[in-house]
Every structure is written in C-alpha cells, then in structure tokens.
Amino acid sequence: MYGISAYDLYLCQTKLDDQKAYMLSQSYVNDLGEVKSLLDCSMSANFSPKYYSEIANRVNVLSSFSIDLAQVPVFLTITLNGCFRKALAGDYSTFKAVDRKYLPEQIKYKVKNDMPLNISDLVIILNHQWRLFFRRFSSKFKNLSYSYIRCFEPHKKDGVPHIHALFYIPAYAIDFMKQAFKDIFNAPQNLKTDAITAEQERNGELNGFQTSINNPSGYVMKYIQKTFINLNTTQSLDDLSAWYVKHKVRRFLSSRTKVPLWVYRKINFISSMQDLYHLNDAINDEGAIMEWDKQSDYIYLDLPARKERLIYDNGKLEHYICDRLIHSYDKAKPAKYKSSPYRLDDKLPKSQDITARIIDKEVNRLFKHVDRFFGLSQKPVSEMKDYELVNYYQSLGGDVNPQHLAYVENIMLDRNLDNFTRYHDKHDLNNPDTQSFIDRYLICEEF
C-alpha cells in the first residue's frame, strides 16, 4: 500500500530503531535527581506521544480564534492532474501547457529532458503551487487576519500525494481565494462537483473548495490522525507512516500563532502555561507585558489578570504566582545532588540542606530590597531589559538623585517607554543645578 514495499518498510523501521537506540543511550540527571534520556525530550512525530497532543492543542487554538475573529472555514483538497502519474514513468505525452505552467525550475528541467519524476518530486510540485497560491492570496489582503492547517496524504494504491488544508478567513475574501484556487490548482478533479451535495454545488462549492463543512477542525484532524501510529500500543511503522519517513514529508503544517511555538515549548511543562489558547489570548490584555527574543533565548511574561509572571533568560527560569516563586531553574548551574546517588532512589535531600537553601533565598531577597531602597541596581541601567528598566524606574523613591532620575528617564524615552515617565522631553544632564549622583553613591557605600 501507498507504494511502500516490504524492503522500504524494513529500511524505515531500521532507521528509526537506530535513532531511538542512540537517544536512549544519551542520558543525564536533572535538578530533581531524575535520570532522563534524549528520547524523553524528543518531540518527533515518530517517537513522542506528546507531539500529537500538541497538534490537537494547536488546531483547537486556531479554531477558537476563528470564532473570536468571526472567520469562516474553507476546506481545500488539492490533487495533481492525472498526467503526473504517467510522469512517474517518464511519460509526458498527455501534458498540456496548463500542466507545465506552475512547476518549479528543477521539475521543468526533468520534464524538458523526459526524465521520470518520483514521489518526492510530486511533493515539491504541490509545495511550490501552495506557495504561489498563498502569496497571491496574502498579497491581495496584506493586513488580513487568517490562519491555516494543512497535511499531506498519499493515495493508497501508488503513494501519489495530495493536500488537505483548512483555512480560516473573513467571508469577504472567499471569492478571491476561490478564483486563485481555480487558477493554480487547475486539475479537473479539484474543479469538479461530483463529490459534493447538490446544495453545496448551488453554493458555488467545488470538490476541492468547500465552505459548508460541519466541524471543520474535526474534519482536518481526521486526516492528520490517520498519519500517526499509536505509540502506546506499538513501536512498528505501518505502510502509511513509513511513506512519510521514506519521502521525508512533514505530516502537519500550520500558520503561526501569536505566541511562537518555541516559546510555548519552553514553558509548557508549567501547568498554567499548557493552555495555548489562553496564552495567546493574554496578548489582548492591555495590562499584560509579553516579550521574547529567540536569538538571545529570552522570554518575559507578566500577566496581571492571572497574577502570574515568568522570566526566562538564557537557561534561567523563574515563575511567580502572586509574587511567590513557584518554579526556578538554571541550566548554567551544575545539577543539584548530581553526585549523590541516593537522589536517584527518589529519596529527599537532608533537612539541613533544605533549611540552608531557604535561608540563602531569604538573605538574597533581603539584600535585593536593600539595593532597591537605596536606588542601586544590580546591573548598569543601560544594560537592563525593558521590563527590568520599568520595574527599576517604578521602585525609585521620592528622594532619588535628580541627575540619576533624569538619566533613567532619558533611556526610557530612547526605548519608547515614555508612558512610564513623567516628562516627554529629554533632560539636560549637564544642568549644574542637579545634584551629583556620585555623591549619593558614596554615601550609600559608606553606609
């Protein structure tokens, strides 16, 4: 089935078994003294049951936001013309000009030289035509709010691929999308009406372009679910799952959510951060501060409606609820109790160790407040991140040095954080009437 031979199935299974064996051989001890392997961290569709759960979460998020944004679903089924099946044997005798129109350059070269195509080439063609379709649609509606989900499915007999896709768009954009669909995905099977109801046909729908499907998210999940094996009952690939491995085809693709997936994966081990919908919806809260930077591995979430705050900076994570530290992690520090084998037996650390850590935490918290009281920062003001700068500015008392206050407000103005400042013009730091910040710093040092 799906054009997969017994030998193909053997090669794919061997490949995955070797990958799994390697990941199991690479282990480490975490801060809790638990032994973990790379397999425990994997989010591969072939190894991790968590991946399918994440997909279901993402599909539900896009579906929920489509309701919030009054978007309508459009379900697409995209197939290639039958002449491409003959192209697998190098036969291009039935190709027409319209079949050659939307082909990538590397495929045009093969067609021109009568070289046979393969399944991976057909996947390349569909991806290329999808990009053309997507660009045409998005260039027409540049500021349009939309989302999509798509997956590949092979034909049972020979493995020739087609696409199932679900778009959520405003109703006024449907006609333009339909015209772009008919132009680019012009295979007769896409444009026929023999596989839909008479009512759908009266609505102007096509086999490949349907707008009246009940439960569209469940409909697309049906196709996605078919591509996964149940890892709780078997570790062996079937012909369908082997098709994706052999031809290196992604099972599932979707548009981006407001909160990037890499941010969600960093923090979704925290129970209150596992709901991707509410995490994305928090951006609509005017009082929330949410910022991230993948290059510097930095995340900051301040959600006042939930009384929750999360700070992740280059491997160090702190999670607060009602200003109480709930989670703390720092990958830069050596794992606690890593050299103590009794931790691997799930035994707790000694009570004096726990007491010492509590005392250290309270001492650090006390000195932190002392620094704030005297207006001293733990790092130069110019090197603070936005949220640190805002917190530091708000902690400054009424007796703060005027020159230092002016310096802080100037930096905030440079970063467009002037909503938090008292003035809208930059200060003259050379004003001789301002008190010297150095004098105040020396007084604090003497204290």
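Please refer to the structure higher up on the page.
Quick caveat: nothing in here was measured; it's all calculated off a predicted structure.

## Quick word on the nonpolar core
Nonpolar side chains in soluble globular proteins tend to be buried together. Residues Leu 76, Phe 84, Phe 133 and Phe 167 are the most contacted members of the largest nonpolar core, which totals 56 residues. Leaving out residues up to four positions away in the same chain, Phe 167 has contacts with Val 72, Pro 73, Val 74, Leu 76, Trp 130, Phe 133, Phe 134, Tyr 146, Ser 147, Tyr 148 and Met 177.

## With respect to the side chain of Asp 99
Positionally, Asp 99 belongs in helix H5 (residues 97-101). Despite its burial, Asp 99 remains without a salt bridge, the nearest opposite charge being carried by Lys 96 at 6.5 Å. Beyond its immediate sequence surroundings of up to four residues, Asp 99 is in contact with Asn 81, Cys 83, Phe 84 and Thr 94.

## Points about the packing of aromatic side chains
Summed over all chains, the structure comprises 25 aromatic pairs. Judged by centre distance (4.8 Å) and plane angle (75°), the rings of Phe 75 and Tyr 219 are edge-to-face. Residue Phe 75 is located in strand S3 (residues 72-78), and its partner Tyr 219 is located in helix H11 (residues 216-226); the two are separated by 144 residues in the primary sequence. Accessibility expressed as a relative area gives 3% for Phe 75, which makes it buried. For the ring pair Phe 133 and Phe 185, a centre distance of 5.4 Å and an interplane angle of 55° mean the geometry is tilted. Placement of Phe 133 in helix H7 (residues 119-140) and of Phe 185 in the loop between helix H8 (174-184) and helix H9 (188-191) is noted, with a sequence separation of 52 residues between them. Since its relative accessible area comes to 2%, Phe 185 is described here as buried. The ring of Phe 228 carries the charged tip of Arg 251 above its face, separated from the ring centre by 5.5 Å. One cation-aromatic arrangement involves Arg 309 over Tyr 320; the distance from NZ or CZ to the ring centre is 4.5 Å.

About the cut-offs
- Residues numbered from 1 in each chain as written.
- Predicted model: local features only at pLDDT ≥ 70, side-chain atom pairs only at ≥ 80, totals over all residues.
- Heavy atoms only, no water.
- Core = buried A, V, L, I, M, F, W, Y, C linked by side-chain atoms within 4.5 Å.
- Buried < 20%, exposed > 50% of the residue type's maximum accessible area, 1.4 Å probe, protein only.
- Contact = heavy atoms within 4.5 Å.
- Helix = DSSP H or I, 4+ residues; strand = E, 2+ residues; numbered from the N terminus.
- Lys, Arg positive; Asp, Glu negative; His and termini not counted.
- Salt bridge = Lys/Arg side-chain N within 4 Å of Asp/Glu carboxyl O.
- Phe/Tyr/Trp six-rings, centres within 6.5 Å; stacked < 30°, edge-to-face > 60°.
- Lys NZ or Arg CZ within 6 Å of the ring centre and 35° of its normal.

Distances and angles like these do not, on their own, reveal function.
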